[in-house]
Amino acid sequence: MNRMITRLSRLFGVDMGYIMRGGFWLGLDNVVSVVASTILTVVFANTIPKETYGSYRYILSVFGILSIATLPNMNLALSTAVAKGEDGIFKKALATRIRWGLVGGLVGIGLGVYQFAHQHLELGIAFAIMGIILPFMDSLNLYEGFLRGKKLFNIQSKYSIITRLVSTVVLIITLYQTSSVIYLLLAFFLPYIVMRLIFYRLTLRKFPTSDIKGNESTLAYGKHLSVIQLLGVLVNYLDNVLIFHYLGAVPLAIYSIAMAPIKKIQQAFSVIPDLALPKFSARSIEETKRTLPRQIGKAFVVVISGAALYALLAPKIFSTFFAQYKDSVIYSQWLTLILLALPFSLLYTVFQAHARKKEIYIYNLSIRLSQLVLVVALVSTYGLWGAVSARIIFQFIAVIVAVLLFKRIKDTEAKKS
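Bear in mind the structure is a predicted one, so any value in this text is a computation, not a measurement. All residue numbers here refer to positions counted from 1 along the written sequence of the relevant chain. With pLDDT at 70 or above as the cut-off, local features in this predicted model cover only qualifying residues; side-chain atom pairs require 80 or more to be listed or tallied, and sums for whole chains, interfaces and linings still use all residues. Water and hydrogen atoms play no part in the side-chain values, which are based on all heavy atoms of the structure.

### Focus on a nonpolar patch on the surface
Here a patch means residues that are over 30% exposed by relative accessible area and free of salt bridges, tied together within 9 Å if like-charged and within 5 Å if nonpolar (Val, Leu, Ile, Met, Phe, Trp, Tyr). Computed with a 1.4 Å probe, the accessible areas rest on the Shrake-Rupley method; for each residue, only the protein chains presented here act as cover. By convention in these notes, a salt bridge is any Lys or Arg side-chain nitrogen within 4 Å of a carboxyl oxygen on Asp or Glu. Taken together, I330, W334, L337, Y382, W385 and F396 make up a surface patch of nonpolar side chains, about 610 Å² in accessible area. Each helix is a run of DSSP H or I of at least 4 residues and each strand a run of E of at least 2, with the numbering of both proceeding from the N terminus. Those elements that place two or more of their residues in the nonpolar patch are α14 (329-335) and α16 (357-416). With three residues, α16 is the single largest residue contributor to the nonpolar patch. Along the polypeptide, W385 turns up in helix α16.

This is the structure:
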């Protein structure tokens, strides 16, 4: 067995022992997540009207935009710090996330008041609930970043799997009882908050950090990472908001179902950057750059094969599981093109791992401005096809920018040596 792992390590140019140890748990977490969310999508598609599902997705999209106030990339900064032995910033990082999250919560409540004033009672209640919950829901998952930094992928994955299963069961039960958007939102939010609070407390108990020195620069780095992601978070959800605004809830439901399988595939691939981050942090940039291009090339071959297979199977998948959403098939097939960008996300992980703030800023600002222009211009003009086109074009722009920045760092390091 060890001999086989050694051969695989030489073939792919990576530490396959590390991948198998950490990758098993993160992979299991991703499998459970993909399966659970797929089951949920199927249940949503077959139990409630398209209009209700579209409204549900719209509210969660607004929640996603406002959640940037909770500094989500503080998790990444904490993970990087903990990988270097700087554990003591854990509690302060959580307090910072909640404090900043209150800003997003107040905006959510304000949106609720606005909807009440315009006689949209259901939306008003939904936004008010969202505003109250927002500062805490995502902030409490900070323990995941801590455990990733410790390379305790098994514990992180167990916590994540339990949380996801509890949430999925509660939401499915609710779906079979009611089609009220308000109850569906409560069934989505509350299990996450309760389970994350429990696991945050368990993590603190297992790893007391009060007497361990922490680097305050971690908080600043987490803020930096989150601020530069602000535009990205906005435009990632903006297409949903614009589709709801221009076309209504039903077209948003069709688009959301078309995107669902693509997002599941992206989610499954996300285990690779998660595993790579601690490794990249511990290695020099020069060493990473010598091996990474070849690894990306091999991953690209795998991804393009998988994307082609999904495109061929999509009509059968939708007719079997999403019979009410056959209009989504053609959009989903075209959206497979965005999967080709997945291997290149490792380039950005290198920037994050080594706190290359300049490259991170340039990357995010350039691609997010491009995405913003594309989404606003194409969705308002071409509707659903505009949203699909914006997603595809943006991903190819992101690849080009990442490669150019990576090459620039390579040239700079070469000149220094």
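The structure having been displayed, the exposition proceeds.
### Concerning the confidence of the model for the protein chain
pLDDT is defined as a per-residue confidence score from the predictor, taking values between 0 and 100. Of all residues in the protein chain, 87% have pLDDT values of 70 or greater, and the mean over the chain is 85. Confidence scores differ between elements of the protein chain, with helix α1 (residues 2-12) showing the lowest mean pLDDT of 52 and α14 the highest of 96. Whether two residues are in contact is decided by their heavy atoms, any of which lying within 4.5 Å being enough. Per-residue pLDDT stays below 50 along residues 411-417; that stretch engages in three contacts with residues further than four places along the chain or on separate chains.

### A word on empty space enclosed by the protein
Put plainly, a pocket is an open set of points on a 1 Å grid over the protein atoms alone with protein on both sides within 12 Å along at least five of seven lines, a cavity is a set where a 1.4 Å probe fits but cannot get out, and a lining residue has an atom within 4 Å of a point. Grid points are joined across faces, edges and corners, and a volume is the space filled by probe spheres set on the points. For the structure on display, the rule yields two cavities of 30 Å³ or more. Taken as a whole, the second largest cavity holds about 40 Å³ of empty space. Elements that contribute at least two residues to the lining of the second largest cavity include exactly α10 (217-246) and α16. Of all the elements, α16 adds the most residues to the lining of the second largest cavity, at six residues. The residue makeup of the lining of the second largest cavity, split by class, is five nonpolar, one polar and two charged. Classes in brief: Ala, Val, Leu, Ile, Met, Phe, Trp, Tyr, Cys and Pro nonpolar; Asp, Glu, Lys and Arg charged; the others, Gly included, polar.

### Thoughts on the packing of helix α3 (residues 50-66) against α10
At a closest axis distance of 9 Å, the pairing of α3 and α10 adopts a crossing angle of 150°. Compared by their axis directions, α3 and α10 come out roughly antiparallel. Where α3 crosses over α10, the handedness of that crossing is left-handed. Residues G54, S55, Y58, L60, S61, V62, G64 and I65 of α3 touch α10, and the partners they reach there are V233, L234, Y237, N240, V241 and F244. The convention used is that axes are lines fitted to C-alpha atoms, helices contributing only their stretch in contact, and that angles between N-to-C directions extend from 0 to 180 degrees. Small angles under 35 degrees read as roughly parallel and large ones over 145 as roughly antiparallel, with 65 to 115 read as roughly perpendicular and the rest as oblique. Rotating anticlockwise by less than a right angle from the far helix to the near helix defines a left-handed crossing, while the corresponding clockwise rotation defines a right-handed one.

### Considerations on the packing of aromatic side chains
How two aromatic rings sit relative to each other is set out by the distance from centre to centre and by the angle between their planes. Ring geometry is summarised as follows: Phe, Tyr and Trp rings, the Trp one being its six-membered ring, pair when their centres sit within 6.5 Å, and such pairs are stacked at plane angles under 30 degrees, edge-to-face over 60 and tilted between the two. Under the definition given, this model contains 19 aromatic pairs. On the numbers, 5.7 Å between centres and 55° between planes, the contact of F146 with F207 is tilted. Here the residue F146 occupies a position in helix α7 (residues 142-149), and F207 occupies one in the loop between α9 (181-206) and α10, the gap between them amounting to 61 residues. The same class applies to F146 and to F207, which are both buried. Look at F188 and F189: their rings are 5.4 Å apart centre to centre, the planes differ by 65°, and that puts the pair in the edge-to-face class. For the exposure calls, accessible area comes from a 1.4 Å probe over protein chains only, and a residue counts as buried if that area is under 20% of its type's maximum, exposed if over 50%, partly exposed in between.

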